[in-house]
Amino acid sequence: MKEKKKPDVANLLGITDDLMFQNVMKDPINCRMFLHEVLPDLDIQGLTVRTQERIAFNKEEKFSVLDVLIKDSQGRRYDIEMQIAPQKDLDKRARYYMYKMMEDGFLHQGERYGELTAVYVIFILPFDPKGKGLKRYSFTYSAREDKSVELNDESEIIYLNSKGKKGDVSQGLEDLYSLMEGKRTTNSKFIKRIKKTMDNYRKTEEWSEHVMNTEQIKEMALAQGLEKGRREATASAISKTVKMLKRMNQSDEQILQELKQDYSDDFSDEELEEFLK
């Protein structure tokens, strides 16, 4: 049997790789162009960019490490996070990051509340955090009784969903989503610069060492591919079993019990119930 070709680590480690993402975003021009795609109504200039920024104001509190922390010439703060794996506490994590940035921008004695600067937390996600299919979820405070009444505190949490199909985003963000998904992009100015930065970084010794140290990703990717194939084969077998048992006039309850006994290690009860529909 012909041995299955292993994935190329260098290709697996694209824009969603932590090190690659940091090196793309530590360039202030890349950051400004990205922020313009996300927040086109803002005049964003004079950026100060810090990557992997640890924020904690005392020894007792939980510290946070922000992927990309940005401050512009008007004092507005932006946190950009590339989050690969879904997390059930994503909303509270975003709130915590926002709180830490607000804390970092406290007022000095004699300053007015109106001088508080805007804070934006932006998560770039290769999964749908809310399951509604939107390309972008933008969260601000509004009155529960009347959603048209907003709290004008100039804070916003934004989830960018590369798996989204609904809603409109800029061409630059569409290209970023395509880049994350390994699809073809346009030649927009924004994405061309991102790709160029990535290509230049791939020529560095740091990147070569990173790829070599990530050899285990090959095995992980191959294992994931094999696991996916095994799961698909099992699903096919379950479908055939369900059809056979229905021909034998077994009830849905009886069939589900049989499936749970044989396949509960591979599929949840909810997933097994789907085979009965």
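Details of the structure are given in the entry above.
This section reports on the structure supplied with the text. (Residues numbered from 1 in each chain as written. Predicted model: local features only at pLDDT ≥ 70, side-chain atom pairs only at ≥ 80, totals over all residues. Heavy atoms only, no water.)

Structural notes on the overall build of the chain
Then step 1. Of regular secondary structure, the chain possesses 10 helices and 6 strands.
Then step 2. Considering the chain as a whole, with its 277 residues, one finds that 38% of them fall into the buried category.
Then step 3. Counting contacts in the chain only where the partners sit at least 6 residues apart, residues at least 24 apart contribute 61% of the total.
Then step 4. If you sum the accessible surface of the chain, you get close to 17800 Å²; carbon and sulfur atoms cover 49% of it. (Helix = DSSP H or I, 4+ residues; strand = E, 2+ residues; numbered from the N terminus. Buried < 20%, exposed > 50% of the residue type's maximum accessible area, 1.4 Å probe, protein only. Contact = heavy atoms within 4.5 Å. Areas by Shrake-Rupley, 256 points an atom, 1.4 Å probe, with all protein chains shown as cover.)

Here we look at unusual backbone geometry
Then step 1. A positive phi angle is found at glutamate 154, which is not glycine, with a value near 60°.
Then step 2. With respect to the helices and strands, the residue glutamate 154 is situated in the loop between strand S5 (136-139) and strand S6 (155-161).
Then step 3. By relative accessible area, glutamate 154 is classed as partly exposed at 44%.

Details of the environment of tyrosine 97
Then step 1. Checked against the element boundaries, tyrosine 97 lands in helix H4 (residues 90-104).
Then step 2. Accessibility expressed as a relative area gives 8% for tyrosine 97, which makes it buried.
Then step 3. Sequence separation between tyrosine 97 and isoleucine 157 is 60 residues; the distance between their C-alpha atoms is 9.8 Å.

Side note on the layout of surface pockets
Then step 1. Of the pockets and cavities examined, the second largest pocket occupies roughly 360 Å³.
Then step 2. Forming the boundary of the second largest pocket are 15 residues, of which Arg95, Phe139, Thr140, Tyr141 and Ile157 lie nearest the centre.
Then step 3. Elements represented by at least two residues in the lining of the second largest pocket include exactly H4 and S6.
Then step 4. When grouped by side-chain class, the residues that make up the lining of the second largest pocket number 5 nonpolar, 3 polar and 7 charged. (1 Å grid on protein atoms, 1.4 Å probe; cavity = no way out; pocket = protein on both sides within 12 Å on 5 of 7 lines; lining within 4 Å. Points joined across faces, edges and corners; volume = space filled by probe spheres on them. Nonpolar A, V, L, I, M, F, W, Y, C, P; charged D, E, K, R; others polar.)

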